[in-house]
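Descriptive structure summary
One-letter residues, chain by chain:
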Amino acid sequence: MLTVVLSGLRARWAAFLGSFVALALGVGLLTTMGLGLASTFDAPERAPQRFASAPVVVKGKDAVTVDVRRGPDTASVSRGLDRPQPVDIDLLGELKARWTVTTAGGPDAVGVHGPAAEIRTLVGDRAQVLTGKDRRLADPEPERDAEALVALNALLGTAGGVTTFVSVFVVASTFAFAVALRRREFGLLRTAGATPGQVRRMLLAEAAGVGIVASATGCALGAWGAPWLARVLVDGALAPDWFAIGAATWPLHAAFWTGVTVAIAGAVAASRRAGKVGPTAALREADVDTDVLPLGRALLGTGLLLAGAGLLVWTCVTEPSELLKRKTYTTLPMLLITGVALLAPLLVRPVARALRLPGATGMLVRENSAAAVRRTAAVAAPVLVTVALAGSLLGSATTVTSTRAAEAREQTAAQYVVSGEDLRPVRVPGASATGATSVFVRDGAEALVKYGARAVSDPAAFADLARLPVVAGDVRDLDDRSIVVNEEWERRTVGEQVEVWLADGSGPVRLRVVAVLALGTGDNGPYVTRANAPGAAVDRIDAAGPAPEALAAAGGTVRTVEEWAAATHPATSPQTRLGLLLVLGIALVYTVIALANTLLMATSVRGGELASLRLAGATRAQILRVVTGEAGLAVAIGAVLGLAVTAVNLGALGAGLGALSAPVSLSVPWGAVGAAAGACGAVAVTASALPAWRATR
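Remember, it's a predicted structure, so these values are computed and weren't measured experimentally.

The rules behind the values
- Residues numbered from 1 in each chain as written.
- Predicted model: local features only at pLDDT ≥ 70, side-chain atom pairs only at ≥ 80, totals over all residues.
- Heavy atoms only, no water.
- Core = buried A, V, L, I, M, F, W, Y, C linked by side-chain atoms within 4.5 Å.
- Buried < 20%, exposed > 50% of the residue type's maximum accessible area, 1.4 Å probe, protein only.
- Contact = heavy atoms within 4.5 Å.
- Helix = DSSP H or I, 4+ residues; strand = E, 2+ residues; numbered from the N terminus.
- Phe/Tyr/Trp six-rings, centres within 6.5 Å; stacked < 30°, edge-to-face > 60°.
- Axes fitted to C-alpha atoms, helices over the stretch in contact; angles between N-to-C directions.
- Parallel < 35°, antiparallel > 145°, perpendicular 65-115°, else oblique.
- Nonpolar A, V, L, I, M, F, W, Y, C, P; charged D, E, K, R; others polar.
- Polar contact = N/O pair within 3.5 Å; in protein donor to acceptor, adjacent residues only side chain to side chain.
- Lys, Arg positive; Asp, Glu negative; His and termini not counted.
- Salt bridge = Lys/Arg side-chain N within 4 Å of Asp/Glu carboxyl O.
- pLDDT = per-residue confidence, 0-100.
- Left-handed = near helix turned anticlockwise from the far one by under 90°.
- Pairing = 2+ DSSP bridges.
- Arc of directions from axis to C-beta.
- Patch = residues over 30% accessible without salt bridge, like charges linked within 9 Å, V, L, I, M, F, W, Y side chains within 5 Å.
- Areas by Shrake-Rupley, 256 points an atom, 1.4 Å probe, with all protein chains shown as cover.
- Charge placed at Lys NZ, Arg CZ, Asp CG, Glu CD.

Val166, Leu233, Phe243 and Leu389 are the most contacted members of the largest nonpolar core, which has 83 residues in total. Those residues in contact with Leu389 that sit more than four places away from it in its chain are Val162, Ile337, Leu394, Leu584 and Ala587. Counting residues in each nonpolar core, the second largest holds 17 residues, with Ala453, Ala455, Val498 and Val516 among its members.

Attention now moves to the environment of Gly308. Relative to the elements of secondary structure, Gly308 occurs in helix H10 (residues 295-318). Here Gly308 falls in the buried class, since its relative accessible area comes to 0%. The spacing of Gly308 and Ile337 is 29 residues in sequence and 8.7 Å in space, taken between C-alpha atoms. For Gly308, the contacting residues outside a window of four places in its chain are Leu335 and Leu336.

Tallied over the entire structure, the rule returns three aromatic pairs. Between Phe256 and Trp257, the aromatic rings sit 5.0 Å apart at their centres with planes inclined by 85°, giving edge-to-face as the arrangement. Look at Trp257 and you get exposed, because its relative accessible area is 54%. Taking the centre distance of 4.8 Å and the plane angle of 20° together, the rings of Tyr451 and Trp489 count as stacked. On the criterion of sequence distance, the pair formed by Tyr451 in strand S9 (residues 447-456) and Trp489 in the loop between strand S11 (482-486) and strand S12 (497-501) is long-range, its members being 38 residues apart. Given the relative accessible area of 11%, Tyr451 is considered buried.

This part takes up the packing of helix H12 (residues 344-354) against helix H13 (residues 359-371). At a closest axis distance of 8 Å, the pairing of H12 and H13 adopts a crossing angle of 170°. Overall, the two elements H12 and H13 adopt an arrangement that is roughly antiparallel. Contact residues: Arg349, Ala352 and Arg353 in H12; Arg366, Glu367, Ser369, Ala370 and Ala371 in H13. Its residues assigned to classes, the contact of H12 with H13 shows three nonpolar, one polar and four charged.

Position of Asn368 among the secondary structure elements: in helix H13. The class for Asn368 is buried, based on a relative accessible area of 16%. In this structure, the C-alpha to C-alpha distance between Asn368 and Val627, residues 259 residues apart in sequence, is 9.3 Å. Those residues within four positions of Asn368 in sequence are excluded, and the remaining contacts are Arg375, Arg606, Glu609, Val626 and Glu630. Within the structure, Asn368 has its side chain in polar contact with the side chain of Glu630 (distance 2.7 Å).

For Asp422, which is not a glycine, the phi torsion comes out positive at approximately 50°. With respect to the helices and strands, the residue Asp422 is situated in the loop between strand S7 (416-419) and strand S8 (432-443). Backbone geometry places Ser661, a non-glycine residue, at a positive phi of 60°. Tracing the sequence through the fold places Ser661 in the loop between helix H20 (620-659) and helix H21 (670-695).

Attention now goes to the side chain of Glu407. Within the secondary structure layout, Glu407 lies in helix H14 (residues 373-410). An unpaired buried charge is present at Glu407: no salt bridge exists, and Arg404, the closest side chain of opposite charge, is 6.2 Å distant. Every residue in contact with Glu407, bar those within four places of it in the chain, is listed here: Gly520, Thr521, Asn524, Ala662 and Pro663.

Model confidence for the protein chain is summarised by a mean pLDDT of 82, while 90% of its residues fall at 70 or above. Taking the mean pLDDT of every element in the protein chain, the minimum, 54, falls on helix H9 (residues 279-283) and the maximum, 95, on strand S14 (residues 527-529).

The next point concerns the packing of H14 against H21. Direction vectors running N to C along H14 and H21 enclose 165°, while the axes themselves pass 9 Å from each other. One finds that H14 runs roughly antiparallel with respect to H21. Crossing of H14 over H21 shows right-handed handedness. In contact with Val383, Thr386, Val387, Ala390, Gly391 and Leu394 of H14, H21 contributes Ala672, Val673, Ala676, Ala677 and Cys680. For the contact of H14 with H21, the residue count by class is nine nonpolar, two polar and no charged.

Neither face of strand S1 (residues 56-59) is left uncovered, since the one carrying Val56 and Val58 and the one carrying Val57 and Lys59 both have all their residues buried. Inspection of the sheet shows S1 paired to strand S6 (residues 128-131) by four bridges, in the antiparallel sense. If you follow Lys59 over to S6, its bridge partner there is Gln128. In this sheet, strand S5 (residues 109-113) lies alongside S1 in antiparallel orientation, the contact comprising four bridges. Counterpart to Val58 in the pairing with S5 is Val110.

A few words on H12. Considered for burial, the residues of H12 that qualify are Ala344, Pro345, Val348 and Ala352. Projected down its long axis, H12 shows its buried positions confined to an angular sector of 85°, all on one face. Facing away from the buried side of H12 by more than 90 degrees, the exposed set consists of Leu346 and Ala354. Contacts from the buried residues of H12 go to H10, helix H11 (326-342), H13, H14 and H20.

Given 3.6 residues per turn, any residue in an α-helix points the same way as the ones three and four places further on. The complete set of buried residues in helix H17 (residues 561-568) reads Val561, Trp564 and Ala565. Summarising the axial view, the buried residues of H17 lie within an arc of 100°, below the 170-degree limit, and thus occupy one face. As for H17, its buried residues are in contact with H14, S7, strand S15 (538-543) and strand S16 (557-560).

Right, let's talk about a negative patch on the surface for a bit. Taken together, the side chains of Glu319, Asp443, Glu446, Glu488 and Glu490 present a region of like negative charge at the surface. If you trace the backbone, Glu446 turns up in the loop between S8 and S9. Glu446 gets classed as partly exposed once you look at its relative accessible area, which sits at 42%.

Along the polypeptide, Thr328 turns up in helix H11. Excluding residues within four positions of it along the chain, Thr328 makes contact with Glu322, Leu323 and Pro333.

As a further point, take the sheet that holds S1. Taken together, four strands build an open sheet; the order of strands is S4-S5-S1-S6 and the sheet is antiparallel. Looking at which strands have only one partner, the edges of the open sheet turn out to be strand S4 (100-103) and S6. Shown here is a sheet whose adjacent strand axes are inclined to one another by a mean of 30°, direction ignored. With respect to the sheet, helix H4 (residues 116-123) is in contact with S1, S5 and S6, its orientation differing from that of S6 by roughly 165°.

Right, let's get into the pairing of strand S3 (residues 73-80). Along any regular strand the residues' side chains alternate between the sheet's two faces. In this sheet, S3 lies alongside strand S2 (residues 63-70) in antiparallel orientation, the contact comprising eight bridges. In the sheet register, Thr65 faces S3, and the bridge partner there is Ser78. Connecting the antiparallel pair S2 and S3 is a turn made up of two residues, with Gly71 showing a positive phi of about 65°.

Written as structure tokens, this is what we have:
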């Protein structure tokens, strides 16, 4: 058996080259992503800077701490304030009376030169006492390093997941198509006395050999490429300047064994089919593909398709706001993509027959594509993956940002908006000034939730200009003893009292619900008056009629509502777009490999068919047009199926936005979709034309 396997690998090295390259690239990318991911788990330790010379730092309150229920017991949970509160004046006086106190850049913290134990006893629970490395918590933005890694961690995790998904798909498809081309070989082996089990073990051994060598090569490539990835992430502002690849070794082990497992798992289904090939059935095989969709594949594809559609509908009905999150619109489309790709052999024939291509060449292209279902499906499936990912990911991200901009424009009747930090009041009739603040509220008895809120300076002027999506109550009733909430709040009945903690940590304060807003894209409320927003500075002024010159006295930037919405709710940020393009680039590279490998294999075994066309009177140019036309048609079928998946995903997102009472502004990234399909078409035509040109010499 080993001799047969080694002979097969040596004789069919070209057929295994595509699988080797795809698997090596996949393992390399997994290694690179894993090394990057391992480097995001721990932010670097930074020495205290603001109070480096003080042994003890006394810091004011910077969080709201509330007791909540944890099973039969209670536990304290904390949520950070927008800004730390000043150290209590009386406490500061007591500290100065006993020790040397230094200040640096603000009243929220002071350095104290004294024994930590005595200082802690004096302070009690009136403030925080920091010593050692914890003194860095008094520096500006002490958690900036850890927070900078959160988005990077999610990006690399998503890219690694897409890499695994696409690599499994490509490798499995490549092995399945290679087995379909080797049915006569298996028939001869069966005639020579090979059992079905021996045929299956031969294929699995070939896959294991390719997997081990490709995985080892991929690990070496990944270790080499990881520092390059770190530089790209830093240059693209996706990672902080200090980010670098660490010395973790577990990503190498994980990537290697994942590659071997993917190779063997990708060959399992193909080996089962190969084992069922009988001696005479293989030798009598017709040119028209039959039994192209086994029952197991049909059931799996249907199940994934129904699961993906069901999850979309369920999420749209129960938690439509989840559809707006990147994690959701990145993962859910994969179920639909996989389901449609598995069912591709069932779909390509009717789609190909439905296309009316002109002339005899067009007729031959259409009929050949419909007859050779396995070849057409093997080409269309990776194109489907790339087009669907491009349309779904970029389309969802652009749709969410466009909807937020449209929502912001619709929620004010103002003509001009002044924005900036700590704006000055202006004497403009009817102008409405608001500022950013926060409120904290218990969610049931088990959690404390922080909501970003808006502080209203003049409730009457605000009610005149606001066009909020009110589902109950009246915004005009807002006063210092009330609050406007949205549908996300547990307590949201008009007239009901809610217990909240304010932006400086004070509370709880009981406020009456006067209006309830639709959830929208997440920025709808809550709203309180400035009396319930301590420390909030005005950062936005809406005005209906005055000239821009009258509003310039506020000290901010004066824009029309359209200009303000475009500036404050831009299209997908460059960082987000770069991250999505990184993920799509992985899928496109895999698609190119799969297309080239599939078409080189498929066209190279069509020598007899092409010779028959020459005997029938076809010229060499006509044969090349037929072969490349078939490749182009297969790419077009994959693009159509990918656009269909995109339409389902964006349709579900639009339905979810409608359920949230948000303006629906669907956006299809035609440029990215067209570029992906064009690249696939160029590779497919080239990969089919070269062996056809050689075969017809």
